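Residues per chain are reported as follows:
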Amino acid sequence: MTYVEDELRSQPECWIRAAEQAAAHDGVLPAAGERVAIVGCGTSYFMAQAVAALRELSGQGETDAFAASEFPAARSYDRVIALTRSGTTSEVLGLLASLRGRTRTTAITADPHTPVTESADEIVVLDFADERSVVQTRFATTALTLLRAHLGLHTDAVVADARTALADPLPEGLVGCSQFTFLGHGWTVGLANEAGLKMREAALAWTEAYPAMEYRHGPISVTTHGTATWMLGEAPEGLADQVRATGALWVSGGLDPLAELVRAQRLAVAVAAARGLDPDRPRHLTRSVILPGAPR
């Protein structure tokens, strides 16, 4: 078993621990009404997209998500949340350094012995969700679960759905597809982006992700036999039939969308295995991007 497979299978237990700890971190996580930005790189950026949409949808305050390198320096926020598994990513550390003394910052990380502990004003450590694989799975979803619980949006049903996602077989024919598209709506757009990233990282797959209503505006033109189109969350009316009419495989997201992401992680590992690839060691990637001359 690869590291990533072992780690993705531990997610239900990690989510339970994160939800139990959420209340203890209330003082360093956004209060209702605060104007908040959530930042990260790669997977963490896509989790930031999901959390930002969830927070706004729940009426708890204006919330933006940015790649750390694209943070708008001229904007004012009450708090910036940085998601960083390693605590060493150059763009995140540079942004936190630039915000020191003028904007309150909180970093959510897996490693308490990294530079981010000195760069952020406050720290939340999820060391039980740290990973050996380059490809992120459980840290990202555990950080999202922590914030989801903080917003009052996590339930035991999410964990139950995750166990189902791990136990049930993947849809027949899915692993053999040549192209994969993930769709989302609202907070699940970030999850769709992350599902696509997992497929590219672990399986070198041709993968795309879009807001579901945008799929008709061009991307459906490449959909055909050998394409899988996977909806995370509720699909727009009529879209499933349109996709099936192209000859593509339609995968409906019947579980909680975060549990659907677990199924997509499993797919990435399965496709990697089918192609003779090692999902723990994706080409050209390292566990953290540390740029020469950047703050450390």
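Residues numbered from 1 in each chain as written. Predicted model: local features only at pLDDT ≥ 70, side-chain atom pairs only at ≥ 80, totals over all residues. Heavy atoms only, no water.

Remarks on the overall build of the protein chain
Inference 1: Along the backbone of the protein chain there are 10 helices and 9 strands.
Inference 2: Expected size for 296 residues packed as a compact globule is a radius of gyration near 19 Å; at 19 Å, the protein chain falls within 12% of this value.
Inference 3: Counting only C-alpha atoms, the protein chain reaches 55 × 40 × 35 Å along its principal axes.
Inference 4: Nonlocal contacts in the protein chain, meaning residues at least 24 apart in sequence, comprise 72% of its contacts between residues at least 6 apart.
Inference 5: Put simply, the protein chain shows about 12100 Å² of open surface, and 51% of that area lies on carbon and sulfur atoms.
Inference 6: The centroid of the 25 positive side-chain charges in the protein chain is displaced by 4 Å from the centroid of its 35 negative side-chain charges. (Helix = DSSP H or I, 4+ residues; strand = E, 2+ residues; numbered from the N terminus. Rg over C-alpha atoms; globule rule 2.2 N^0.38 Å. Contact = heavy atoms within 4.5 Å. Areas by Shrake-Rupley, 256 points an atom, 1.4 Å probe, with all protein chains shown as cover. Lys, Arg positive; Asp, Glu negative; His and termini not counted. Charge placed at Lys NZ, Arg CZ, Asp CG, Glu CD.)

Some remarks on the sheet that holds strand S3 (residues 79–84)
The strands making up a sheet associate through backbone hydrogen bonding, with each pair oriented either parallel or antiparallel.
Inference 1: Here we have 5 strands laid out as an open sheet, ordered S2-S1-S3-S4-S5, and parallel in their pairing. Only two strands of the sheet have a single partner each, and these edge strands are strand S2 (63–67) and strand S5 (122–125). Strand-to-strand twist across the sheet, computed as the mean angle between neighbouring axes with direction ignored, equals 20°.
Inference 2: Pairing of S3 with strand S4 (residues 104–109), which is carried by 6 bridges, proceeds in the parallel orientation. Looking at S4, one finds that arginine 79 is bridged to arginine 104.
Inference 3: The strands touched by helix H4 (residues 90–99) are strand S1 (36–40), S3 and S4; relative to S3, the strand with the most contacts, the crossing angle is about 160°.
Inference 4: The strands that helix H6 (residues 138–150) touches are S3, S4 and S5; relative to S4, the one it contacts most, it runs at about 135°. (Pairing = 2+ DSSP bridges. Axes fitted to C-alpha atoms, helices over the stretch in contact; angles between N-to-C directions.)

Notes on the pattern of salt bridges
Inference 1: Scanning the model with the defined rule gives 15 salt bridges in all.
Inference 2: Put simply, glutamate 122 and arginine 79 hold a salt bridge, and the shortest N to O gap is 3.3 Å. You can see glutamate 122 sitting in strand S5 and its partner arginine 79 sitting in strand S3, a full 43 residues away along the chain.
Inference 3: The salt bridge involving arginine 104 is made with glutamate 122; its shortest N-O contact spans 2.7 Å. (Salt bridge = Lys/Arg side-chain N within 4 Å of Asp/Glu carboxyl O.)

What to know about unusual backbone geometry
Inference 1: If you check the backbone angles, leucine 204 has positive phi at about 55° while not being a glycine.
Inference 2: Looking at where leucine 204 falls in the secondary structure, it is placed in the loop between helix H8 (188–203) and strand S7 (206–211).

Remarks on the nonpolar core
Inference 1: Membership of the largest hydrophobic core comes to 65 residues, with the highest contact counts inside it found for Ile108, Phe180, Phe182, Leu191 and Leu267.
Inference 2: Counting residues per element, this core draws most heavily on helix H10 (residues 257–274), which supplies 10 residues.
Inference 3: Not counting the four nearest positions on each side in its chain, phenylalanine 182 is found in contact with Ala192, Ala195, Gly196, Met199, Thr207, Glu208, Ala209, Tyr210, Trp230, Leu232, Ala264 and Leu267. (Core = buried A, V, L, I, M, F, W, Y, C linked by side-chain atoms within 4.5 Å. Buried < 20%, exposed > 50% of the residue type's maximum accessible area, 1.4 Å probe, protein only.)

Remarks on the environment of leucine 93
Inference 1: Relative to the assigned elements, leucine 93 resides in helix H4.
Inference 2: By relative accessible area, leucine 93 is classed as buried at 2%.
Inference 3: In the structure, leucine 93 is positioned 11 residues away from alanine 82 in sequence and 9.2 Å away in space, judged by C-alpha atoms.

Here's the deal with the sheet that holds strand S6 (residues 179–184)
Inference 1: If you walk across this open sheet you meet the 4 strands as S7-S6-S8-S9, and the pairing is parallel. Each edge of the sheet is formed by a strand with only one pairing partner; in this case those strands are S7 and strand S9 (249–251). Adjacent strand axes in the sheet meet at a mean angle of 20°, parallel and antiparallel pairs treated alike.
Inference 2: In this sheet, strand S8 (residues 227–231) lies alongside S6 in parallel orientation, the contact comprising 5 bridges. Directly across from phenylalanine 182, in S8, lies its bridge partner tryptophan 230.
Inference 3: Its contacts with the sheet place H8 against S6 and S7, and it is angled at close to 160° to S6.

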